[in-house]
Amino acid sequence: MTAYLRALRLVNFRNYPDDTVILAPGLNVIVGDNAQGKTNLLEAISFAVTGSSPRTPNDSEVVRWGQDFTRTEARVSLDGGTSERAVAVGYAPGQKKRPTVDGAPAPSLTNYSAGGAGVRAVTFFPDDIRVVKGAPADRREFLDLLLSSLRPSYARASIEYAKAVQQRNQLLRRIRDGFSSERTLATWDRKVVELGETVLKGREAAIAPLESYFGASLRALYGPEKAAIRYSYSAPLDEYAEALRGAHIADIERGTTSVGPHRDDFEVLLGGVNLTTFGSQGQQRLATLALKFAARDHVRDETGEDPILLYDDVMSELDERRREYLAGYFLESTQAVITTTNLDYFDEEILERSCVVRISGGAVSETTSGGVRN
């Protein structure tokens, strides 16, 4: 048994003024009507163990209306329950987030989100279909968030790379407008390449194992057709520095950096067909689920620990066979927390082996584990 979340307290988080939920290893089913706060509860779990929301980059949105701060507190069970870690994330708009571990400030938010809390998380929300259906930026974000959860060094390089590209773009526009010399580009070229190579190396190392896991997961969810991930470079690693220098004239004319990992993409293929362009809504949704399963497997391979799975409204658009497959998958996971409006999606035997948390009136109303109320 690896690490899992035992308890969570939410203070001024979205619709929750102050509430606590007790969770169990294995499958946890959050059930309730729409607009009661089920999705907010999943978001709060992610916020507690990663220090950020998977739903919005604007942290102030998670603060309950009319309040001036939010705080999540969690108890993480470690080493098969032989030890425990108390983690918390506090945030007030206009201030930095304050992650703590056993009462002491975390070294940094990047360290905290990369396993510093004692557990990692893989999330699925309905909007995540954009990873397959959406723009290249959505697929790059998927890769960068996954790799940042594994290594603080990757997270820092990714953040600093984005800043360096932005500053290089500002310089390009100054050169175009006659306020700077093209000779000044060399310094920013070196900086961008140094950071960009770290990002590219991280992505290159991850693509092959992710493709293998993705293919196996999509076969289980969809069928025997071959699935693949194909990374598309604006310039491969061994040609990156030269390609950036070669793009000077065009970059100055446009005022933007045209080469580097911020311009890359990856294709999601099923039977050789690009699902972004030609996939149906159902195929895109199943491919997104398969990518999330692949992310879970990659985290487990890299760290030796299962991440907790946080899946929102995952059953509603699936047929009975796939629901049964997912229920078994979640039940055998170290910990999965999923939301639903309908317990009929689950066999009675599955529910007897699960922890069921009922949300009513925007609050946790009842928790049962193995059919027994807690």
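Residues numbered from 1 in each chain as written. Predicted model: local features only at pLDDT ≥ 70, side-chain atom pairs only at ≥ 80, totals over all residues. Heavy atoms only, no water.

Peer 1: What should I look at first to understand the pairing of strand 15 (residues 363-369) in this one?
Peer 2: Residues in a regular strand project their side chains so that they alternate between the two faces of the sheet. As paired elements, strand 14 (residues 355-360) and strand 15 share six bridges and run antiparallel to each other. Pairing of S360 across the sheet is with A363, part of strand 15. Linking two consecutive strands that pair antiparallel, namely strand 14 and strand 15, is a turn of two residues; a positive phi of about 60° is found at G361 within it. (Pairing = 2+ DSSP bridges. Helix = DSSP H or I, 4+ residues; strand = E, 2+ residues; numbered from the N terminus.)

Peer 1: It is not clear to me how helix 11 (residues 320-331) should be interpreted in this structure. Could you clarify?
Peer 2: Turn by turn, an α-helix covers 3.6 residues, leaving residues three or four places apart pointing in a common direction. Between its first and last C-alpha atoms helix 11 spans 16 Å; for 12 residues at 1.5 Å apiece the expected length is 16 Å, and the two agree. If you check which residues of helix 11 are buried, you get R322, R323, L326, A327, Y329, F330 and L331. Buried residues along helix 11 sit in contact with strand 3 (26-31), helix 6 (185-221), helix 10 (281-303), strand 12 (308-311), strand 13 (335-340) and helix 12 (348-352). (Expected span 1.5 Å × (residues − 1). Buried < 20%, exposed > 50% of the residue type's maximum accessible area, 1.4 Å probe, protein only. Contact = heavy atoms within 4.5 Å.)

Peer 1: Would you mind showing me how to read the nonpolar core here?
Peer 2: Across soluble globular proteins, nonpolar side chains show a tendency to be buried alongside one another. Counting residues in each nonpolar core, the largest one holds 65 residues, and the members touching the most others are L27, F214, Y311, L326, F330 and F346. At 12 residues, helix 6 tops the list of elements feeding residues into this core. Setting aside anything within four residues of it in sequence, one finds L326 in contact with L221, L289, F293, V314, M315 and L318. Residues V21, L42, I45 and V89 belong to the second largest nonpolar core, which totals 37 residues. (Core = buried A, V, L, I, M, F, W, Y, C linked by side-chain atoms within 4.5 Å.)

Peer 1: In this structure, what is going on with the sheet that holds strand 10 (residues 265-270)? I would like to understand it.
Peer 2: By definition, the strands of a sheet pair up through backbone hydrogen bonds, in either a parallel or an antiparallel sense. Here we have three strands laid out as an open sheet, ordered 9-10-11, and antiparallel in their pairing. The outermost strands of the open sheet, each flanked by one partner alone, are strand 9 (227-232) and strand 11 (273-274). The sheet contact formed by strand 10 and strand 11 spans two bridges and is antiparallel. Looking across to strand 11, one finds that L270 is bridged to V273. Sheet strands in contact with helix 6 are strand 9 and strand 10, and its direction is about 165° off that of strand 9. (Axes fitted to C-alpha atoms, helices over the stretch in contact; angles between N-to-C directions.)

Peer 1: Explain a negative patch on the surface to me, please; I cannot follow it from the model alone.
Peer 2: A cluster of acidic side chains, namely E320, E324, D347, E348, E349 and E352, defines a negative patch on the protein surface. Listing elements by their share of the negative patch, those giving two or more residues are helix 11 and helix 12. Among the elements that take part in the negative patch, helix 12 stands out by supplying three residues, more than any other. Along the polypeptide, E348 turns up in helix 12. In this structure E348 comes out as exposed when scored by relative accessible area, which is 55%. (Patch = residues over 30% accessible without salt bridge, like charges linked within 9 Å, V, L, I, M, F, W, Y side chains within 5 Å. Areas by Shrake-Rupley, 256 points an atom, 1.4 Å probe, with all protein chains shown as cover. Salt bridge = Lys/Arg side-chain N within 4 Å of Asp/Glu carboxyl O. Lys, Arg positive; Asp, Glu negative; His and termini not counted. Charge placed at Lys NZ, Arg CZ, Asp CG, Glu CD.)

Peer 1: Please clarify how the sheet that holds strand 6 (residues 98-101) should be interpreted in this entry.
Peer 2: Pairing within the open sheet is antiparallel, and its six strands lie in the order 2-1-4-5-6-7. The strands lining the two open edges of the sheet, one partner per strand, are strand 2 (16-22) and strand 7 (104-105). Both strand 5 (residues 83-91) and strand 6 contribute to a ladder of four bridges, which runs antiparallel. The residue of strand 6 that forms the bridge with V89 is P99. Against the sheet, helix 1 (residues 38-50) contacts strand 1 (4-13), strand 2, strand 4 (70-78) and strand 5, and its axis sits at roughly 110° relative to strand 1.

Peer 1: I'm lost on the pattern of salt bridges in this one. Help?
Peer 2: Side chains bearing opposite charge may pair, as long as their charged atoms lie close to each other. A full pass over the atoms with the stated rule returns 25 salt bridges. Measuring nitrogen to oxygen at the nearest pair gives 2.6 Å for the salt bridge that ties R6 to E84. Taken together, the residues R6 in strand 1 and E84 in strand 5 connect sequence positions 78 residues apart. In this structure R6 comes out as partly exposed when scored by relative accessible area, which is 32%. Among the charged side chains, a salt-bridge network with shared partners connects R9, D18, R71 and E73.

Peer 1: Help me understand unusual backbone geometry, please; the structure alone is not making it clear to me.
Peer 2: If a residue is not glycine, its phi is most likely negative; likewise, a peptide bond is most likely trans. At D102, a residue that is not glycine, the phi angle is positive and equals roughly 50°. Looking at the secondary structure, you find D102 in the loop between strand 6 and strand 7. Positioned with a positive phi, D313 is a non-glycine residue whose angle comes to about 50°. Along the chain, D313 turns up in the loop between strand 12 and helix 11.

Peer 1: Looking at this structure, I do not really get the side chain of Q335. What am I missing?
Peer 2: Relative to the elements of secondary structure, Q335 occurs in strand 13. Within the local environment of Q335, its side chain forms a polar contact with the backbone oxygen of L5, the two atoms lying 2.7 Å apart. Not counting the four nearest positions on each side in its chain, Q335 is found in contact with Y4, L5, L23, A24, P25, G26, N28, P307, I308 and L309. (Polar contact = N/O pair within 3.5 Å; in protein donor to acceptor, adjacent residues only side chain to side chain.)

Peer 1: Please explain the packing of aromatic side chains as it appears in this structure.
Peer 2: Aromatic ring pairs are described here by two measures, namely the spacing of the ring centres and the angle between the planes. Inspection of every chain in the model, using the stated rule, returns nine aromatic pairs. Judged by centre distance (5.2 Å) and plane angle (65°), the ring pair of Y311 and F330 falls under edge-to-face. With Y311 in strand 12 and F330 in helix 11, the pair connects residues that are 19 residues apart, well separated along the chain. Each member of the pair Y311 and F330 is classed as buried. (Phe/Tyr/Trp six-rings, centres within 6.5 Å; stacked < 30°, edge-to-face > 60°.)

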